[in-house]
Structure formats: C-alpha cells, structure tokens
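Each chain, written out:
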Amino acid sequence: MILQSKPLVDQLIHNVRSRVDSQCLTPMLYIYGADDPMPGVQAYVRGIYKTAERCGVSITNKVSKADGLIAVSKELSVPAKHYTRDVDGSLPDSAFEPCTAVAIMKMLNYYRVPIEGKHVVIVGRSPRVGSPLVTMMKDCNATVTVCNSYTSNELLRHLVGSADIVVSCTGVKHLIHGSWLTPSAVVVDVGSPEPDVDMTDAPMGAALINSIGPVTRAVLMEHVLRVAEELNYFGNA
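Scope of this entry: the structure provided in the associated data block.

Criteria and thresholds
Residues numbered from 1 in each chain as written. Predicted model: local features only at pLDDT ≥ 70, side-chain atom pairs only at ≥ 80, totals over all residues. Heavy atoms only, no water. Axes fitted to C-alpha atoms, helices over the stretch in contact; angles between N-to-C directions. Helix = DSSP H or I, 4+ residues; strand = E, 2+ residues; numbered from the N terminus. Parallel < 35°, antiparallel > 145°, perpendicular 65-115°, else oblique. Left-handed = near helix turned anticlockwise from the far one by under 90°. Contact = heavy atoms within 4.5 Å. Nonpolar A, V, L, I, M, F, W, Y, C, P; charged D, E, K, R; others polar. Core = buried A, V, L, I, M, F, W, Y, C linked by side-chain atoms within 4.5 Å. Buried < 20%, exposed > 50% of the residue type's maximum accessible area, 1.4 Å probe, protein only. Pairing = 2+ DSSP bridges. Salt bridge = Lys/Arg side-chain N within 4 Å of Asp/Glu carboxyl O.

### Here we look at the packing of helix H3 (residues 99–110) against helix H4 (residues 130–139)
Direction vectors running N to C along H3 and H4 enclose 40 degrees, while the axes themselves pass 9 Å from each other. Taken together, the axes of H3 and H4 lie oblique to each other. Every pair of crossing elements has a handedness; the one defined by H3 and H4 is right-handed. Residues Ala 101, Val 102, Ile 104, Met 105 and Leu 108 of H3 pack against Pro 132, Leu 133, Met 136 and Met 137 of H4. Here the residues of the contact of H3 with H4 are counted per class, giving 9 nonpolar, no polar and no charged.

Have a look at this one:
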C-alpha cells in the first residue's frame, strides 16, 4: 500500500497561496547553487520553481531582495550571517527545522499514523533528515532506534522487524528488504536517487511513503512565506 503525498501537497500549497494572496505579498526565494550541473540538483531546482509558481513565491537572483535562502548544492551553504533567512533549516541557528524532516512528520500526521508509544527505527543520521527526526519523534513520545549504513545486516533486519515506523535516508539502494517488515509497519523511504527499501516482498498490510520531495518543497514555501510575513509585519509596525 502506498500513501500518496499529492493530497497533502495540494493542501499545503493551497494554504500558502491563500495567505500570499490575502496579504498581497510577493515572497522571494534565493537559491544558492541553482546552476550546479548535477542532474539531481537540477531536478530539485526545477521542482522548486514549479512549487514556487503555484504558491505565488518568486525566485530572485539577488540575495538582498530575498525573504528566504536555500542551498541546493553540496558545495555551497547558506552563509551563517543569514541564519534568520535560512528557510531550509540547514544552519545550527536557523529559525526553521529542516524541511525534509518536517515533511516526513507532516505526512505521518496527515495519514494519522500513531507515533506516541511506538517503536521508530531511523536508518541514517544526516543533519537534515535522520538527526532532526530523532528529536521530533522523541518529542512525540516514540521509542527511537537509530541505525546507519554500517549497522550489520543481521541487526538491521532484527530492528526493522520490530519497528512500527521505519524511516530510511541512507541513499543505499535496497538496504532494507520488505520481507523484514511487519504487516502493520509504515515505511518512509527518503532514498535518493535510488530507493533504500525494496518493497517487493513486503507483507500485504505494510504501507510505504516514498514521495517526500514534493512535500519538502511545499514546506520550503511555508517557511519562505513565514519570513515574508514577519518582515511585512515589522516593516509596517
């Protein structure tokens, strides 16, 4: 069973666009590394442009005019002095939590997946996904186990087999096998460009969330709008 992201994405984009239009705002986003030739980066940038257009957010080529800043290239980052405008949540002092981690929580909440009291296995410890998710899940009173691509196959299989929720964000193709899952498990596969989870032999009741990217971009637009709203409020105060 696949839990589709489109209904949530449409809802988030509608809410952002409504707030933009009702306040007559033009939120602006600057993208560091937008010209990075890597195919994955270019696909992400195209997605940002599409989502921004639907939300009424403009992409600017001038940092000084931007409400929000994001770095899409591994070679670049948002300068620390701009932490208040780091809408991707990549800087330690950012006012925002990382977009992908927020997107995962929104998807689980949208589909009413119980988290409190559940065993959550997070495979991967990246600063934008795995690490912030640990805190978010614990804040929801889950019992959290963290693994990575170096966890032995035997131990990983055991832990995944005991999990209510599995989130994998390692980028290692088919690191996790569907046959390891319980019939009631919910799996969030953030693997890119290849899936972390091979669901071929997954039990009938196991649910898969594997389209987090569109939700991540919608969350990004929410963050850009929040900065624009704050600047507009204080500018008119």
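### Examining the nonpolar core
Of all hydrophobic cores here, the largest spans 55 residues; its most connected members are Leu 29, Leu 108, Leu 133, Met 137 and Met 221. Cys 147, Val 166, Leu 175 and Ile 176 belong to the second-largest nonpolar core, a separate cluster that totals 17 residues.

### Quick look at the packing of helix H1 (residues 6–22) against helix H2 (residues 39–55)
It is the contact of H1 with H2, at a shortest axis distance of 8 Å, that shows an interaxial angle of 50 degrees. Judged on the interaxial angle alone, H2 and H1 are oblique. Taking contact as the criterion, the partners of Asp 10, Ile 13, Val 16, Arg 17 and Val 20 in H1 are, on H2, Thr 51, Glu 53, Arg 54 and Cys 55. Its residues assigned to classes, the contact of H1 with H2 shows 4 nonpolar, 1 polar and 4 charged.

### Some thoughts on the pairing of strand E3 (residues 68–71)
A two-sided burial pattern is seen for E3, the buried positions comprising Gly 68 and Ile 70 on one face and Leu 69 and Ala 71 on the other. Bridge analysis of strand E1 (residues 28–32) against E3 gives 4 bridges, and the strand direction is parallel. Among the inter-strand pairings, Ile 31 is bridged to a residue of E3, identified as Ile 70.

### Describing the pattern of salt bridges
For the coordinates displayed, the defined rule picks out 6 salt bridges. For the salt bridge of Asp 10 with Arg 54, the shortest nitrogen-to-oxygen distance reads 3.1 Å. One end of the pair, Asp 10, is in helix H1; the other, Arg 54, is in helix H2, and 44 residues separate them in sequence. Exposure remark for Asp 10: the relative accessible area of 26% places this residue in the partly exposed category. For Arg 54, a relative accessible area of 44% corresponds to the partly exposed category. For Arg 128, the salt bridge is made with Asp 88, and the minimal N-O distance between the two is 2.8 Å. Highlighted residues: Arg 128 in the loop between strand E4 (119–123) and H4 and Asp 88 in the loop between E3 and H3, separated in sequence by 40 residues.

### Some thoughts on the environment of Pro 98
Mapped onto the secondary structure, Pro 98 falls in the loop between E3 and H3. Residue Pro 98 is classed as buried on the basis of its relative accessible area of 8%. On a C-alpha basis, the gap between Pro 98 and Thr 151 in space is 25 Å, while along the polypeptide they are 53 residues apart. Filtering out sequence-adjacent residues up to four positions away, Pro 98 remains in contact with Asp 88, Gly 89, Pro 127, Arg 128 and Pro 132.

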